[in-house]
Amino acid sequence: MGVTRTPTTITQGSTGTRGGIGESTLRPDGTLKVTGEFAYSSDLWHEDMLWGFTLRSPHAHAEIRSIDISEALAQAGVHAVLTYDDLPTDTKNYGLEIADTPVLAHGRVRHHGEPVALVAADHPETARRAAAKIKVDYVPLPVVHDEASATAEDAPLLHPGRTDPHAAHVPHPNIVHRQPIVRGDVAAARARADVIVSGEYVVGMQDQAFLGPESGLAVPAEDGGVDLYVATQWLHSDLRQIAPVLGLPEEKIRMTLSGVGGAFGGREDLSMQIHACLLALRTGRPVKIVYNRFESFFGHVHRHPARLRYEHGATKDGRITHMTCRIVLDGGAYASASPAVVGNASSLSAGPYVIDNVDIEAIALYTNNPPCGAMRGFGAVQACFAYEAQMDRLAAALGLDPVAFRQLNAMSQGTVMPTGQVVDSPAPVAELLRRVKAMPMPPERQWESAGGEPDVRALPGGLSNTTHGEGVVRGVGYAVGIKNVGFSEGFDDYSTARVRLEVVAGEPVAVVHTAMAEVGQGGVTVHAQIARTELGVTRVTINPADTRVGSAGSTSASRQTYVTGGAVKHTCEAVRERVLELGRRRFGTHHPAWATAELLLEGGKVVTDGGEVLADLADVLGDEVIDVEREWRHRPTEPFDLRTGQGRGHVQYSFAAHRAVVEVDTELGLVKVVELACAQDVGKALNPLSVVGQIQGGTTQGLGLAVMEEIVVSPEGKVRNPSFTDYLIPTILDTPTIPVDVLELADEHAPYGLRGVGEAPTLSSTPAVVAAIRQATGLALDRVPVRPEHLTGT
């Protein structure tokens, strides 16, 4: 069964290889980050570099009549000003799945903050002032801002003449993608239902809010190419999009990952990469671009805001009969990852429950709102908020305990998903709910001190001292969610690893090289643990991620430990086989076990599976250097049918459950989250400390969506709060105690039996918090984030 991990537990495992799989190995960059010595991408420097700046549109939708750059070019210190007309090739657009995003706007702008022109100057302030002198003649156009304005008969077509693969399957050109899922007989099931509940739910636009802004340095090279040092999530995807725009072969664009200050999906799309390269190649000088916080809010995609309409039915004994839902996601001006988000939202819209009869539709819209794409949870977050609210409503209508009702309908291994896919690994949904409910509750009125004076820090409103306990009500809420792991719907999801093993100063040393973007998820730690376990070495070096090695895919979709970890394991196994072949040639005649026994590398030695030492690894290697590069893939998936939604679309599922305890000042509408307990199945905790950190981090982002985080966009498409002054994220004063119970039920199809960890806790934390607020206040609360006026009615 599972084991409970606490965030302070640091253990050395029993693998015999210090720092191996299953141990809480510390991050190699942890101390540098805590002390402020770690070099992030924004710290990059070149002695003769220029500074780049981007001029952005003040309008959400407008025609560009003309652009006058003469005053900007005349300013002292300015080396280049570029517009659309200066792009070097016929490829003017880029995109993750659909190349619909202009490098620089041409003819019209489609969202507030869209890049229009670029400036390179010898000082960042000079570049900013020069950009302000560029004169753009805009003529505002009607703004498409919601489903009604996007799909009206006379709606402006934001991307007329679309040729992407999804265009033929949508009922209106302003719909990016549509995915229906139909299974069973909803009409007959509805007739059998004793209780039917329905609801409409709204999820606001959330920002990834990474602390390190978009940044990078492009250095022109003597061969006519460019070296790009950048904070990103997917080096090879960037490369694929950059090369056609620059008109260069990919081998002449050498990309190296720089220090990344968080990502959460916001760095999957390009931001400043092409712009910096264009300026560097035009000026012949290195060019650095670093966004300020205002620019960052316009420089990356956000979580799709959503409107979700659900109906569930159940019999009086508590069995769910059917579900219908319609999910509308606002994709903003460009496609980004919207098609994949639609696929996730639709295929996971029923939640971790057995529901045999479903009628589901999910769509994403083109609008003139900010572009939306990948963010932690990726479509499943929006659905989870809605279906978990529905579970509470059904339980209340039936007079059942909300946890018991969920357990009664919980899926398990062997359950058939609405897509027809059979869940073929453990799905311990009922057990996770049992565990999280059984965890000790935080004490009541814990803000009361022994002396009688309340500790206001523990009350809603905190240090603002708005209450001493009067009007404060406690509530408890539960939620559970399901998330897919890895890329889905037939995507060729693979990763590449290169592993070198040699003797240095008399000791065997392994070097691991992948293109994996380390964005805080801990891959650099896990890869070293895998190499120590598989090769029996102590010393492991992780080479910087770059494009000299094959693609590792994106650091997203909870996939890197699974897929790139799988590639490292696979490559280490190939290295180990070569070591053993070498040993058999050199020492095979000295001991019959070389030919007859199962051999392992452990503790710097070659040993039999019974523990007998045959040779030192250093002696086996001698002067030999073993260097292997391999690709590794998980099991294939397949696209969902575009009419019925049937198909084996996902490779693995992950599950997490939360219990939220909140205290609400009902007079002022202020919420204090006292505790957010989580139980999650991780298959195998490769690094227990890192696993708990990921769960706590995802939980905190879900808390932010529940009660504070939202990009506010006006009906005119203008972003009203592009700063951390007005866009609020949880601080240490807002983050509650997060006890974590880690369950380890191995998935036999995955390396070491592991299950992707990072996203699942982001799903269920949000609805758990809102459920607790509902219990405390008795209010319906069908929108997140919950604002004070939602609680006070003012």
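Residues numbered from 1 in each chain as written. Predicted model: local features only at pLDDT ≥ 70, side-chain atom pairs only at ≥ 80, totals over all residues. Heavy atoms only, no water.

(A) Summary view of the layout of surface pockets. Space inside the second largest pocket adds up to approximately 840 Å³. Along its surface, the second largest pocket is lined by 36 residues, and Glu97, Ala340, Phe487, Ser488 and Phe491 are the ones closest to its centre. Here the lining of the second largest pocket takes 4 residues from helix H6 (residues 235-246), the largest share from any one element. Partitioning the lining of the second largest pocket into residue classes produces 16 nonpolar, 13 polar and 7 charged. (1 Å grid on protein atoms, 1.4 Å probe; cavity = no way out; pocket = protein on both sides within 12 Å on 5 of 7 lines; lining within 4 Å. Points joined across faces, edges and corners; volume = space filled by probe spheres on them. Helix = DSSP H or I, 4+ residues; strand = E, 2+ residues; numbered from the N terminus. Nonpolar A, V, L, I, M, F, W, Y, C, P; charged D, E, K, R; others polar.)

(B) Just the sheet that holds strand E3 (residues 62-68), in detail. Pairing is antiparallel across the open sheet formed by 3 strands, whose spatial order is E7-E3-E9. Taken across any chain shown, the strands that pair with only one partner, and hence form the sheet edges, are strand E7 (108-109) and strand E9 (135-140). (Pairing = 2+ DSSP bridges.)

(C) Expanded view of the pairing of strand E15 (residues 287-290). Both strand E2 (residues 50-56) and E15 contribute to a ladder of 2 bridges, which runs parallel. Bridge pairing links tryptophan 51 to lysine 288 in E15. Bridge analysis of strand E12 (residues 215-220) against E15 gives 4 bridges, and the strand direction is antiparallel. Directly across from serine 215, in E15, lies its bridge partner valine 290.

(D) Layout of the sheet that holds strand E11 (residues 195-203). Strand order in the open sheet made by the 6 strands is E10-E18-E17-E16-E11-E30, with mixed pairing throughout. Of all the strands in the sheet, just strand E10 (175-183) and strand E30 (783-784) have a single pairing partner and so form its edges. Across the face of the sheet, helix H10 (residues 380-398) comes into contact with E11, strand E16 (306-314), strand E17 (320-330) and E30 while running at roughly 150° to E11. (Contact = heavy atoms within 4.5 Å. Axes fitted to C-alpha atoms, helices over the stretch in contact; angles between N-to-C directions.)

(E) Up close: the environment of aspartate 424. Within the secondary structure, aspartate 424 sits in the loop between helix H11 (402-409) and helix H12 (429-438). In sequence terms aspartate 424 and serine 412 are 12 residues apart; their C-alpha atoms lie 9.1 Å from each other. Once residues lying within four places of it in the same chain are set aside, the contact partners of aspartate 424 are Gln413, Arg635, Arg648 and His749.

(F) Seen up close, a negative patch on the surface. There is a patch of like negative charges on the surface, built from Glu577, Glu581, Glu598 and Asp609. For glutamate 581, the location among the structural elements is in helix H14 (residues 560-587). (Patch = residues over 30% accessible without salt bridge, like charges linked within 9 Å, V, L, I, M, F, W, Y side chains within 5 Å. Areas by Shrake-Rupley, 256 points an atom, 1.4 Å probe, with all protein chains shown as cover. Salt bridge = Lys/Arg side-chain N within 4 Å of Asp/Glu carboxyl O. Lys, Arg positive; Asp, Glu negative; His and termini not counted. Charge placed at Lys NZ, Arg CZ, Asp CG, Glu CD.)

(G) Fine view of empty space enclosed by the protein. If you walk through the whole model with that rule in mind, you get 3 cavities of 30 Å³ or more. Approximately 330 Å³ is the volume found for the largest cavity. Within the residue set of the lining of the largest cavity, elements represented by two or more residues are strand E6 (101-102), helix H7 (273-283) and helix H8 (293-299). Tallied by class, the residues present in the lining of the largest cavity amount to 13 nonpolar, 8 polar and 4 charged. Every residue lining the second largest cavity is listed: Gln421, Val423, Asp424, Ser425, Arg635, His650, Val651, Gln652, Tyr653 and Asp747. Taken together, the residues that form the lining of the second largest cavity break down as 3 nonpolar, 4 polar and 3 charged.

(H) The nonpolar core, seen in detail. One finds Tyr310 and Val769 to be the most contacted residues of the largest nonpolar core, which totals 99 residues. The dominant element in this core, judged by the number of residues it contributes, is H10, at 12 residues. Look past the residues within four positions of valine 769 in its chain and what remains in contact with it is Ala660, Val662, Val673, Leu676, Ala706 and Val707. The next biggest cluster of nonpolar side chains, apart from the first, holds 46 residues, and it includes Val103, Ala280, Val519 and Val549. (Core = buried A, V, L, I, M, F, W, Y, C linked by side-chain atoms within 4.5 Å. Buried < 20%, exposed > 50% of the residue type's maximum accessible area, 1.4 Å probe, protein only.)

(I) Structural context of the packing of H10 against H11. Packing of H10 against H11 brings their axes to within 9 Å, and their N-to-C directions diverge by 110°. Put simply, H10 runs roughly perpendicular to H11. Residue-level inspection shows Glu388, Met391, Asp392, Leu394, Ala395 and Leu398 of H10 in contact with H11, the latter providing Pro402, Phe405 and Arg406. (Parallel < 35°, antiparallel > 145°, perpendicular 65-115°, else oblique.)

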